[in-house]
Amino acid sequence: MPFAIRVEGLSLKKGYKLLISDLNFEVGPGECVALTGANGVGKTTLLRALAGFAPPHAGSIRIGDDNSDDSIVASNSHYLGHAESLSPSRRVDQELSFQCEYLGGTAGSLAEAVGKLRLNSLLDLEVRMLSAGQKRRLSLARLLMVERPVWLLDEPMSPLDTEHRALLAGMMQAHLSDGGLIVCAVHDPLPFETRELRLTRAEVGEVVYG
Ligand SMILES: Nc1ncnc2c1ncn2[C@@H]1O[C@H](COP(=O)(O)OP(=O)(O)OP(=O)(O)O)[C@@H](O)[C@H]1O
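- In the nomenclature of an unreviewed UniProt entry, the protein chain is known as Heme ABC exporter ATP-binding protein CcmA of Asticcacaulis aquaticus.

Here it is, written out as C-alpha cells:
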C-alpha cells in the first residue's frame, strides 16, 4: 500500500491558543515536506499531531489510505522530537538493544545502524555522557533499525556537525528513494529538494502552503 498523509481542515490548539487553523496538505511517497515558520508558530505541535500524540481541535489527519485506522499511524511512523527519548543511565549499547527490541528490529539491523551512524566508539559510554550531537546520532539509529514509511522529524539537523548533517541528509534521501515520506521541521533549508509548508500565525488568519 503506498503511504500518504492527507490533512484536511486541520485546526490545532495548545492550551487556549489556536496555533493552526484550517490547514490542508498532502504528502505522498518519495516526498519530503519542510515545515518552516517562526519560533512558536506551531511546527512541533503539528508534527506531534501527525504522530498521533494530540487530537485535532478540528479537521482530520489521514495516514495510510482511506481505510486505515488510527493504530496504523504509530506502527508506520517514526517521530523524532527535540527531546531525545533516551534513558540517561543506560550505556549506549543497552539503549540501542532496548530500542531495537521495543521497535521490533533485528540484531542485523541494529549492527547496520551502529555502523552507518558511526556509534561504535560510543557503545560503552552512558547516554548521559554523550554530547548533544552524539545523542542525536543515537536517536537517529531507530530510523534505520526498523523501516517505517513515515518519518516525522523535528529539527533533526540542529545539534549535528557538518559531517553528520551530510550523513543524515543521505539517510533521508535514501528513505525517499525507497518510497518513504518525510515531514521535517527546519529553520535552515535541507540540502536536497523539498516542498515547503510555511506556517504563519493563525491569528493573522493565514496559512501558506507553497
Ligand atoms: N498551555 C499553553 N497555552 C497557550 N499557549 C501555549 C501553551 N503551551 C504552549 N503554548 C504556545 O504554543 C506554541 C508551541 O509552539 P511549537 O512548539 O509547536 O512551535 P515551533 O514552531 O515548533 O517553535 P520552534 O521553532 O521554537 O521550535 C508556542 O507559541 C507556545 O508559547
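## Details of the packing of aromatic side chains
Working step 1: One pass over the full model with this rule turns up two aromatic pairs.
Working step 2: Their ring planes at 90 degrees and their centres at 5.1 Å tell us that Phe53 and Tyr79 sit as a pair that is edge-to-face. Separated by 26 residues along the polypeptide, Phe53 in the loop between helix H1 (43–50) and strand S4 (58–63) and Tyr79 in strand S5 (residues 77–80) bring together distant segments of the chain.
Working step 3: Assessed through its relative accessible area of 46%, Phe53 is described here as partly exposed.
Working step 4: Just above the ring of Phe98 sits the side chain of Arg90; from NZ or CZ to the centre is 4.0 Å.

## Some points on the layout of surface pockets
Rolled over the atoms, a probe sized like a water molecule indicates the empty space that remains.
Working step 1: In this structure, the second largest pocket occupies an estimated 360 Å³ of space.
Working step 2: In terms of lining residues, the second largest pocket is bounded by 16 residues, among which Leu143, Leu144, Glu147, His175 and Asp178 are the most central.
Working step 3: Across the lining of the second largest pocket, the residue classes break down as seven nonpolar, four polar and five charged.

## Regarding the nonpolar core
Across soluble globular proteins, nonpolar side chains show a tendency to be buried alongside one another.
Working step 1: Counting 37 residues, the largest nonpolar core has Leu96, Leu140, Met145, Leu153, Met172, Ile182 and Leu190 as its most contacted members.
Working step 2: For this core, the secondary-structure elements that each account for two or more residues are strand S3 (32–36), helix H3 (92–103), helix H4 (107–116), helix H5 (132–145), strand S6 (150–154), helix H6 (162–177) and strand S7 (181–185).
Working step 3: The leading source of residues in this core is H6, at six residues.
Working step 4: Residues within four places of Leu140 in sequence aside, it is in contact with Leu80, Leu117, Leu160, Leu168 and Met171.
Working step 5: Formed by 28 residues, the second largest nonpolar core is a distinct cluster that contains Val7, Leu10, Val150 and Leu199.

## Quick look at the environment of Leu152
Working step 1: Mapped onto the secondary structure, Leu152 falls in strand S6.
Working step 2: Sequence-distant contacts of Leu152, that is, excluding residues within four places in its chain, are made with Ile5, Leu47, Leu50, Ala51, Ser77, His78, Tyr79, Leu80 and Val183.

## What about the environment of Leu160?
Working step 1: Take Leu160: it is sitting in the loop between S6 and H6.
Working step 2: With 23 residues separating them along the chain, Leu160 and Arg137 place their C-alpha atoms 8.0 Å apart.
Working step 3: Setting aside residues no more than four positions away along its own chain, Leu160 makes contact with Gly133, Arg136, Arg137, Leu140, Arg165 and Leu168.

## Considerations on the sheet that holds strand S1 (residues 5–14)
Working step 1: Taken in spatial order, the three strands of this open sheet run S2-S1-S4, and their pairing is antiparallel. For this open sheet the edge positions go to strand S2 (17–27) and S4, each flanked by a neighbour on one side alone. On average, adjacent strands in this sheet sit at an angle of 25 degrees to one another, irrespective of strand direction.
Working step 2: Judged from the five bridges that link them, S1 and S4 form a sheet pairing that is antiparallel.

## Points about the pairing of S2
Working step 1: Sheet topology note: the S1/S2 ladder contains seven bridges and is antiparallel. Of the residues in S2, the one forming a bridge with Lys14 is Lys17.
Working step 2: Here S1 folds back onto S2 in antiparallel fashion, the turn holding two residues, of which Gly15 has a positive phi close to 60 degrees.

## Topic: the site of the ligand
Working step 1: Residues in close proximity to the ligand total 16 residues, the closest being Gly40, Gly42, Lys43, Thr44 and Thr45.
Working step 2: The element contributing the most residues to the shell around the ligand is H1, with three residues.
Working step 3: A per-class count over the shell around the ligand returns four nonpolar, eight polar and four charged.

Conventions and cut-offs
Residues numbered from 1 in each chain as written. Predicted model: local features only at pLDDT ≥ 70, side-chain atom pairs only at ≥ 80, totals over all residues. Heavy atoms only, no water. Phe/Tyr/Trp six-rings, centres within 6.5 Å; stacked < 30°, edge-to-face > 60°. Helix = DSSP H or I, 4+ residues; strand = E, 2+ residues; numbered from the N terminus. Buried < 20%, exposed > 50% of the residue type's maximum accessible area, 1.4 Å probe, protein only. Lys NZ or Arg CZ within 6 Å of the ring centre and 35° of its normal. 1 Å grid on protein atoms, 1.4 Å probe; cavity = no way out; pocket = protein on both sides within 12 Å on 5 of 7 lines; lining within 4 Å. Points joined across faces, edges and corners; volume = space filled by probe spheres on them. Nonpolar A, V, L, I, M, F, W, Y, C, P; charged D, E, K, R; others polar. Core = buried A, V, L, I, M, F, W, Y, C linked by side-chain atoms within 4.5 Å. Contact = heavy atoms within 4.5 Å. Pairing = 2+ DSSP bridges. Axes fitted to C-alpha atoms, helices over the stretch in contact; angles between N-to-C directions. Near = heavy atom within 4 Å.

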